[in-house]
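Chain by chain, the residues:
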Amino acid sequence: MAKTQLGARVDDEIVELAKARAKDRGMSLGDYIGALVREDTSRLRQRGLDAARRFLDEHQSVFDDAEDAERHSPGTHAA
């Protein structure tokens, strides 16, 4: 597939975050940006976020109960 060079101006912080994440994923910066665009345009990311929201909406009480039990269990002390 042919490649085209792009130029974009972004904050230095964004550049460093993107470089670090690309490295974490074992990708070049260009491949990482391409993957983000593909995910966005295929709505994969949004579908994942929507699924996570539905899961939390259905099961939030389980997490709340577990946190409450942890806070109120004997022998648990704040540092």
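Residues numbered from 1 in each chain as written. Predicted model: local features only at pLDDT ≥ 70, side-chain atom pairs only at ≥ 80, totals over all residues. Heavy atoms only, no water.

Visitor: Tell me what's going on with the confidence of the model for the protein chain, and back it up with residues and numbers.
Guide: Mean pLDDT over the protein chain works out to 89, with 92% of the residues at or above the 70 mark. By mean pLDDT, the top-scoring element of the protein chain is helix α1 (residues 12-24) (97), and the lowest-scoring one is helix α3 (residues 44-72) (90). (pLDDT = per-residue confidence, 0-100. Helix = DSSP H or I, 4+ residues; strand = E, 2+ residues; numbered from the N terminus.)

Visitor: A description of the environment of Asp57 should follow, citing residues and the corresponding values.
Guide: Inspection of the secondary structure assignment puts Asp57 in helix α3. Taking the C-alpha atoms as reference points, Asp57 and His72, separated by 15 residues in sequence, lie 24 Å from one another.

Visitor: Lay out the pattern of salt bridges with the relevant residues and their values.
Guide: Close approach of charged atoms allows side chains with opposite charge to pair. Under the criterion given, the structure shown has 5 salt bridges. Ionic pairing is found between Asp31 and Lys3, a salt bridge with its closest N-O pair at 3.5 Å. In this pair, Asp31 sits in helix α2 (residues 29-41) while Lys3 sits in the segment before α1, placing the two residues 28 residues apart along the sequence. Judged by relative accessible area, Lys3 falls into the exposed class, the value being 71%. (Salt bridge = Lys/Arg side-chain N within 4 Å of Asp/Glu carboxyl O. Buried < 20%, exposed > 50% of the residue type's maximum accessible area, 1.4 Å probe, protein only.)

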